[in-house]
Protein chains: 2
Amino acid sequence: MDSNDVARRAIDRLVAAIVTAWNRHDAQAYAANFAEDVDFTNVFGIPVHGRAAIERSHAAILRTMFRDSRLTVAATTVRFLRPDLAAVDVRWRMTGARDPEGKDWPERHGLMSAIATGTPGGWSFVVFHNQDLPPPERALEIARLLS
Amino acid sequence: MDSNDVARRAIDRLVAAIVTAWNRHDAQAYAANFAEDVDFTNVFGIPVHGRAAIERSHAAILRTMFRDSRLTVAATTVRFLRPDLAAVDVRWRMTGARDPEGKDWPERHGLMSAIATGTPGGWSFVVFHNQDLPPPERALEIARLLS
């Protein structure tokens, strides 16, 4: 197993850890996967700087709009830019969310696009963007319209 | 001026170049700003690999749904991960677009989040994601609801 295989497994564990923390609605465990000085941008384009701020903001939303939400990963792709730096795309689905006004947001599809860094202490996300996407069947329809 | 200042100016020129090419509806000039093996993902989550594929796909959409579109940059932020590798966020507005079905899409707001690499030949985007966002006033309202 070469060093990229070891790193890829570590990144897969990092992705699994944010999903597990999300589904436990545990903001501290969620935030622990981000670098202390992470630049995080949520699906609405709202930026948050730093692990502590992620923990605070997620403690609020995991008690409210995402209290009953369940996140699953559809696919993860990793591109190594350096042995200790990788671009990570995570396609996800979510059920059971509510929107910012409290209305049901029953099925979501999206993409986390992040940069992960490896240190002797482990891998973490140093830049992280999240976005909502059309459902896969609608994305296929759009791809046909655009081609 | 230190090396990061020089790199920052080069990245600002790179961003200006994609905007200029877009507004000329010039797919070749647009694609020239991406690394040959770029991983590009559009606002619908549709992935495109490689500069040549970007040129082909953009030649189509710049003749159709974006034929009369005009792109402007609201703000660019750059975070250097290495002297020759940077995370680049570009907040943008667009007027005059049409959606994939050809209906007016009069005012768009969004975020390009990219990874740029510097080589002796210049800077280019090696990973690139684009996303639509709510208008800034709606994003502010959401930020208030979530806090």
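Here is what the cut-offs are and how they apply
- Residues numbered from 1 in each chain as written.
- Chains lettered and ligands numbered in written order.
- Predicted model: local features only at pLDDT ≥ 70, side-chain atom pairs only at ≥ 80, totals over all residues.
- Pairing = 2+ DSSP bridges.
- Helix = DSSP H or I, 4+ residues; strand = E, 2+ residues; numbered from the N terminus.
- Axes fitted to C-alpha atoms, helices over the stretch in contact; angles between N-to-C directions.
- Contact = placed C-beta atoms within 7 Å.
- Nonpolar A, V, L, I, M, F, W, Y, C, P; charged D, E, K, R; others polar.
- Buried ≥ 20, exposed ≤ 12 C-beta atoms within 10 Å, placed from the backbone.
- Arc of directions from axis to C-beta.
- Least-squares fit on C-alpha atoms with pLDDT ≥ 70 in both.
- Core = buried A, V, L, I, M, F, W, Y, C linked by C-beta atoms within 7 Å.
- Expected span 1.5 Å × (residues − 1).

Peer 1: For this particular structure, what's the right way to read the sheet that holds strand E2 (residues 47-49) of chain B?
Peer 2: Think of a sheet as strands paired side by side through backbone hydrogen bonds, with each pair either parallel or antiparallel. Residues and elements named next belong to chain B. One open sheet accounts for six strands, arranged E2-E1-E6-E5-E4-E3; its pairing is mixed. On the outer flanks of this sheet lie E2 and strand E3 (70-82), each paired with one strand and no other. The sheet shows a mean angle of 15 degrees between the axes of neighbouring strands, direction not considered. Here four bridges tie strand E1 (residues 34-41) to strand E6 (residues 122-133), and the two strands are oriented parallel to one another. Each residue of the ladder has a partner; that of Phe40, found in E6, is Phe128. Contacting E3, strand E4 (85-98), strand E5 (104-119) and E6, helix H1 (residues 3-23) runs over the sheet at an angle of about 150 degrees to E3.

Peer 1: In this structure, what is going on with the interface of chain A and chain B? I would like to understand it.
Peer 2: A common way to express how large an interface is: the accessible area buried when the components associate. Listed as interface residues are 27 residues of chain A and, on the opposing side, 27 residues of chain B. The set of elements that each furnish at least two residues to the side of chain A that touches chain B consists of helix H3 (51-61), strand E3 (70-82), strand E4 (85-98), strand E5 (104-119), strand E6 (122-133) and helix H4 (136-146) of chain A. Of the residues forming the side of chain A that touches chain B, the biggest block, five residues, is contributed by H4(A). Tallied by class, the residues present in the side of chain A that touches chain B amount to 18 nonpolar, five polar and four charged.

Peer 1: I'm lost on helix H3 (residues 51-61) of chain B in this one. Help?
Peer 2: Along an α-helix, residues three or four positions apart point the same way, because every turn accommodates 3.6 residues. Every buried residue of H3(B) is listed here: Arg51(B), Ile54(B), His58(B) and Ile61(B). The buried residues of H3(B) occupy an angular sector of 90 degrees when projected down its axis, which confines them to one face. Structurally, H3(B) contributes buried residues whose contacts are with H4 of chain A together with helix H2 (27-31), E1 and E2 of chain B.

Peer 1: What is the right way to look at the relation of the copies chain A and chain B in this model?
Peer 2: Both copies of the chain are placed relative to one another by a rotation about an axis and a shift along it. Superposing chain A onto chain B requires a rotation of 180 degrees together with a translation of 0.0 Å along the rotation axis, leaving an RMSD of 0.0 Å. Such a turn and shift between the copies fits a two-fold axis. Closest to the rotation axis within chain A is the C-alpha of Gln131(A), separated from it by 3.4 Å. A shared interface surface links the copies, since 100% of the contact residues of chain A are contact residues in chain B too.

Peer 1: Is there a simple way to explain the nonpolar core in this structure?
Peer 2: Nonpolar side chains tend toward joint burial in soluble globular proteins. Ranked by internal contacts, the top residues of the largest apolar core, which has 60 residues, are Ala116(A) and Ala116(B). Not counting residues up to four positions away in its chain, the partners in contact with Ala116(B) are Ile11(B), Leu14(B), Ala86(B), Val88(B), Trp123(B), Ser124(B) and Phe125(B).

Peer 1: Would you mind showing me how to read the pairing of E3(A) here?
Peer 2: A regular strand places its side chains on the two faces of the sheet in alternate fashion. Residue and element names in this part refer to chain A. Pairing analysis gives eleven bridges linking E3 to E4, with the strands arranged antiparallel. Bridge pairing in E4 places Arg82 opposite Leu85. Remark: two residues form the turn of the hairpin made by E3 and E4, two consecutive strands paired antiparallel.

Peer 1: Please clarify how H1(B) should be interpreted in this entry.
Peer 2: Compared with an ideal rise of 1.5 Å per residue, which puts 21 residues at 30 Å, H1(B) spans 30 Å between its outermost C-alpha atoms and is within 8% of the ideal. Each element contacted by the buried residues of H1(B) is listed here: H2, E3, E4, E5 and E6 of chain B.

Peer 1: Before we go on, may I ask you to explain the pairing of E1(B) in this structure?
Peer 2: Residues and elements named next belong to chain B. In the sheet, E1 pairs with E2 via three bridges, with the strands oriented antiparallel. Residue pairing for E2: Phe40 is matched across the bridge by Val48. Counted along the chain from E1 to the antiparallel partner E2, the turn is five residues long, and its residue Gly45 has a positive phi close to 85 degrees.

Peer 1: For this particular structure, what's the right way to read the environment of Val78(A)?
Peer 2: Residue and element names in this part refer to chain A. Its place among the elements puts Val78 in strand E3. Placed 67 residues apart in sequence, Val78 and Ile11 show a C-alpha to C-alpha distance of 8.2 Å. Once residues lying within four places of it in the same chain are set aside, the contact partners of Val78 are Arg8, Ile11, Ala86 and Val88.

Peer 1: Any chance you could explain the sheet that holds E4(A) here in plain terms?
Peer 2: Residue and element names in this part refer to chain A. Taken in spatial order, the six strands of this open sheet run E2-E1-E6-E5-E4-E3, and their pairing is mixed. In this open sheet, the two edge strands, each paired with only one partner strand, are strand E2 (47-49) and E3. Here the strands of the sheet are splayed against their neighbours by 15 degrees on average, with no regard to which way each runs. Note that E4 and E5 share 13 bridges and pair antiparallel. Following the sheet pairing, Arg98 is matched in E5 by Asp104. Sheet contacts for H3: strand E1 (34-41) and E2; angle to E1, the most-contacted strand, approximately 55 degrees.

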